[in-house]
Amino acid sequence: MTKRNKGGFLIDNLVITDYANEGKAIGRFEGKVIFVDGAMPGDVVDVRVYFNKKDFAEARIINFREKAAQRLNPVCKHFTYCGGCKWQHVPYAEQLLFKERMVHDTIKHMGKVDVAEWEPIIGSENEYRYRNKLEFAFSNRRWVPNEILTVAHAQNKPALGYHIQGFWDKVLHVDECHLQNEPTNAIRNAVYQYATEKGLSFYDARQQQGLLRNMMLRVLRTGEVLILLTFKENTPDILPLLEFLKSRFPEITSLNYAINAKRNDSMSDLQVIHYSGKPYINEMLDGLQFRISPQSFFQTNTRQAEQLYRKIKEYAGLKGGELVYDLYTGTGSIAIYLARYAAKVVGVEYIEPAIIDARLNASLNNIDNCTFIVKDMADALTDEFVNQNGKPDVVITDPPRAGMHPKVVESLRSLSPEKIIYVSCNPATQARDLQMLDDKYAVIKSCPVDMFPHTHHLENVALLSLR
Ligand SMILES: C[S@@+](CC[C@H](N)C(=O)[O-])C[C@H]1O[C@@H](n2cnc3c(N)ncnc32)[C@H](O)[C@@H]1O
């Protein structure tokens, strides 16, 4: 039964039958697929439709008629509105089964590619506190969930937390988060208290006013803690705040700040000012040391990155004499990881500071058989490049979500290495690229690795062998 109500359609007694992509679940109403946030198969719910199209709709739960027998109580009080950790109500084993099925279906049905052996998904040992990096936003207005209207409403209180999913200008205040080890919650709450007591202004994204903008924290297994605070402008209020943090939290090993007068929040192009401690921190990954500066890229789940890299190494099957290309190398961590088992590794990446970090990390680990090259992958694999660097036996490719540029796929086809190991965070684009390689390469094995429990994200590793 449906009723129109302020804020959208209501559907009563919707039976939830399956999981869906993006952390949602689905039910059907009058032939239409209804994607529901926070639901799971076995739930019977009343929902409010907030997005309505001809063939599908998106809705939020407003009332439970029945709860699935295996439903868990979410650990976090900010569940659903925060937009992260969407599957806290789903047992982890079930999340893994769905992720596995999603990868298989995508590669089979979208890519129409045969995989000779599907290996079971590698789950994360830690379901919570697995992220080494978190970013929080300051906002002059706090948006709070309103159960009845299922939208968030502004309060005249400042917020320090996460952007509400899909809204660049709305921040949900967060006073607990289970994604990172302490001292993250203690630091974030102390900064909030300090800033409100001192009357510091929080950022107003619409007016582009207010001192406090963002706070990024890295908390590593080595115990090192890095903070990067960003401010709208340089004022005398900044240094006392940094001094407060330094004395209150001696566990901060690298304290940094930056001025961001731009419209957007991206930190990668800001000039970072080092305030105290070291200007970087170090993480350990399977016996290797990685130096991480405030703006460096580094895998956010170190323990699962280890699992991922071990799987890549297993698939590469290196005997010691091989030449390996590591495409989209980032800060070179896969290249450095494999360098111990190969004759030479060539890493390619188009962000120059990442390549500087890659070279530094190689020398930090006394690795001298890696070459790192700054190039756009679309133009990288020329004859000249291959003449200079040699023809690879094994290619590792780890592109961004968009997958490989068609020119890169074409270059791989003509380069014809014996093995390609394709690491992907987006099975849909991986399926597309595997299809383009299918007549030349057979997919021997594939193994998903869950880097992000309670979210729909994962990495999938595929081993391709020249036919
Ligand atoms: C998924 S990350 C891979 C990171 C790295 N392999 C690791 O494990 O840490 C993708 C990388 O590709 C780089 N990238 C994206 N597009 C590129 C392009 N067209 N040419 C070269 N590098 C690119 C990004 O800057 C990013 O570092």
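Cut-offs and rules
- Residues numbered from 1 in each chain as written.
- Predicted model: local features only at pLDDT ≥ 70, side-chain atom pairs only at ≥ 80, totals over all residues.
- Pairing = 2+ DSSP bridges.
- Helix = DSSP H or I, 4+ residues; strand = E, 2+ residues; numbered from the N terminus.
- Axes fitted to C-alpha atoms, helices over the stretch in contact; angles between N-to-C directions.
- Contact = placed C-beta atoms within 7 Å.
- Expected span 1.5 Å × (residues − 1).
- Buried ≥ 20, exposed ≤ 12 C-beta atoms within 10 Å, placed from the backbone.
- Left-handed = near helix turned anticlockwise from the far one by under 90°.
- Nonpolar A, V, L, I, M, F, W, Y, C, P; charged D, E, K, R; others polar.
- Near = placed C-beta within 6 Å.
- Domains from an automatic or database assignment.
- Core = buried A, V, L, I, M, F, W, Y, C linked by C-beta atoms within 7 Å.

**Student:** Looking at this structure, I do not really get the sheet that holds strand E11 (residues 159–163). What am I missing?
**Tutor:** Backbone hydrogen bonds are what pair the strands of a sheet, in a parallel or an antiparallel way. Overall, mixed pairing links the 7 strands, which are arranged E12-E11-E8-E13-E14-E15-E16 in an open sheet. Both edges of this open sheet fall to strand E12 (171–173) and strand E16 (272–277), since each of them pairs with a single strand only. Strand-to-strand, the axes of this sheet are offset by a mean angle of 30°, without reference to chain direction. Strands in contact with helix H2 (residues 184–197) are strand E8 (133–139), E11 and strand E13 (212–219); relative to E13, the strand with the most contacts, it is inclined by about 160°. The strands touched by helix H3 (residues 238–248) are strand E14 (225–231), strand E15 (254–259) and E16; relative to E15, the strand with the most contacts, the crossing angle is about 160°.

**Student:** Before we go on, may I ask you to explain the sheet that holds strand E19 (residues 323–327) in this structure?
**Tutor:** The 8 strands lie next to each other as E7-E24-E25-E23-E22-E19-E20-E21, forming an open sheet whose pairing is mixed. In this open sheet, the two edge strands, each paired with only one partner strand, are strand E7 (115–118) and strand E21 (370–374). Here the strands of the sheet are splayed against their neighbours by 15° on average, with no regard to which way each runs. Set on the sheet, helix H1 (residues 92–110) makes contact with E7, strand E24 (441–449) and strand E25 (459–466); between it and E24 the angle comes to about 160°.

**Student:** Explanation requested: the pairing of strand E4 (residues 32–37) in the structure shown.
**Tutor:** Taken residue by residue, a regular strand's side chains alternate between the two faces of the sheet. Both strand E3 (residues 24–29) and E4 contribute to a ladder of 6 bridges, which runs antiparallel. Each bridged residue has a counterpart across the sheet, and for Arg28 the counterpart in E4 is Val33. Hairpin connection from E3 to E4: 2 residues lie between these consecutive antiparallel strands, with Glu30 at a positive phi of about 50°.

**Student:** Looking at this structure, I do not really get helix H4 (residues 302–316). What am I missing?
**Tutor:** Owing to its 3.6 residues per turn, the α-helix aligns residues three or four sequence positions apart on the same side. With 15 residues, H4 should reach 21 Å at 1.5 Å per residue; the first-to-last C-alpha distance of 21 Å fits that figure. Gln304, Ala305, Gln307, Leu308, Tyr309, Lys311, Ile312, Tyr315 and Ala316 are the residues of H4 that are buried. Looking at the residues trailing H4, positive phi occurs at Gly317, about 50°.

**Student:** Looking at this structure, how should I read the packing of H1 against helix H10 (residues 427–437)?
**Tutor:** When two helices pack together, their arrangement is given by the angle between the helix axes and the distance between those axes. Direction vectors running N to C along H1 and H10 enclose 35°, while the axes themselves pass 9 Å from each other. Note on packing geometry: the crossing formed by H1 with H10 is right-handed. For the pair H1 and H10, contact is made by Met102, Val103, Thr106, Ile107 and Met110 and by Pro427, Ala428, Ala431 and Leu434, respectively. Each residue belonging to the contact of H1 with H10 can be placed in one class, and the counts come to 8 nonpolar, 1 polar and no charged.

**Student:** Explain the site of the ligand to me, please; I cannot follow it from the model alone.
**Tutor:** Near the ligand there are 18 residues, and of these Tyr328, Gly330, Tyr350, Met377 and Asp398 occur at the shortest range. Counted by class, the shell around the ligand contains 10 nonpolar, 5 polar and 3 charged residues.

**Student:** Would you mind showing me how to read H1 here?
**Tutor:** Look at H1: 26 Å from first C-alpha to last across 19 residues, which is about the 27 Å you get at 1.5 Å a residue. Residues Gln95, Leu96, Phe98, Lys99, Glu100, Val103 and Ile107 constitute the buried set of H1. Following H1 by one or two positions, Lys112 adopts a phi angle in the positive range, close to 55°.

**Student:** Teacher, can you tell me more about the packing of helix H9 (residues 406–415) against H10 here?
**Tutor:** Running from amino to carboxyl end, H9 crosses H10 at an angle of 35°, the nearest separation of the two axes being 10 Å. In the crossing of H9 with H10, the sense of the turn from one axis to the other is right-handed. For the pair H9 and H10, the contacting residues are Val409, Leu412 and Arg413 in the first and Asp433, Met436 and Leu437 in the second. Of the residues in the contact of H9 with H10, the class split is 4 nonpolar, no polar and 2 charged.

**Student:** Would you mind showing me how to read the domain arrangement of the chain here?
**Tutor:** Many descriptions give the size of an interface as the accessible area lost when the pieces come together. For the chain, the domain assignment lists domain 1 (2–71), domain 2 (94–126 + 301–466) and domain 3 (133–285). Here the C-alpha centroids of domain 2 and domain 3 sit 33 Å apart.

**Student:** It is not clear to me how the environment of Asp286 should be interpreted in this structure. Could you clarify?
**Tutor:** Its location among the elements puts Asp286 in the loop between strand E17 (281–285) and strand E18 (288–292). Using a count of 13 C-beta atoms within 10 Å as the deciding quantity, one classes Asp286 as partly exposed. Residues Asp286 and His173, spaced 113 residues apart in sequence, show a C-alpha to C-alpha distance of 36 Å. If we skip the residues at most four places from it in the chain, Asp286 touches Glu306, Tyr309 and Tyr337.

**Student:** Just checking my understanding: could you explain unusual backbone geometry for this structure?
**Tutor:** A cis amide bond links Glu182 with the next residue in sequence, Pro183, at an omega value of 20°. Relative to the helices and strands, Pro183 is located in the loop between E12 and H2. The backbone of Asn13 sits at a positive phi, close to 55°, despite the residue not being glycine. Looking at the element boundaries, Asn13 is found in strand E2 (residues 8–19).

**Student:** Explain the nonpolar core to me, please; I cannot follow it from the model alone.
**Tutor:** If you look at soluble globular proteins, the nonpolar side chains tend to sit buried side by side. One finds Ile312, Leu338, Ile396, Ile421 and Val461 to be the most contacted residues of the largest nonpolar core, which totals 57 residues. Apart from the residues within four sequence positions on either side, Val461 is in contact with Leu308, Lys311, Ile312, Tyr315, Ile421, Val423, Ser446, Cys447 and Val449. Counting residues in each nonpolar core, the second largest holds 43 residues, with Cys82, Val191, Ala195 and Phe290 among its members.

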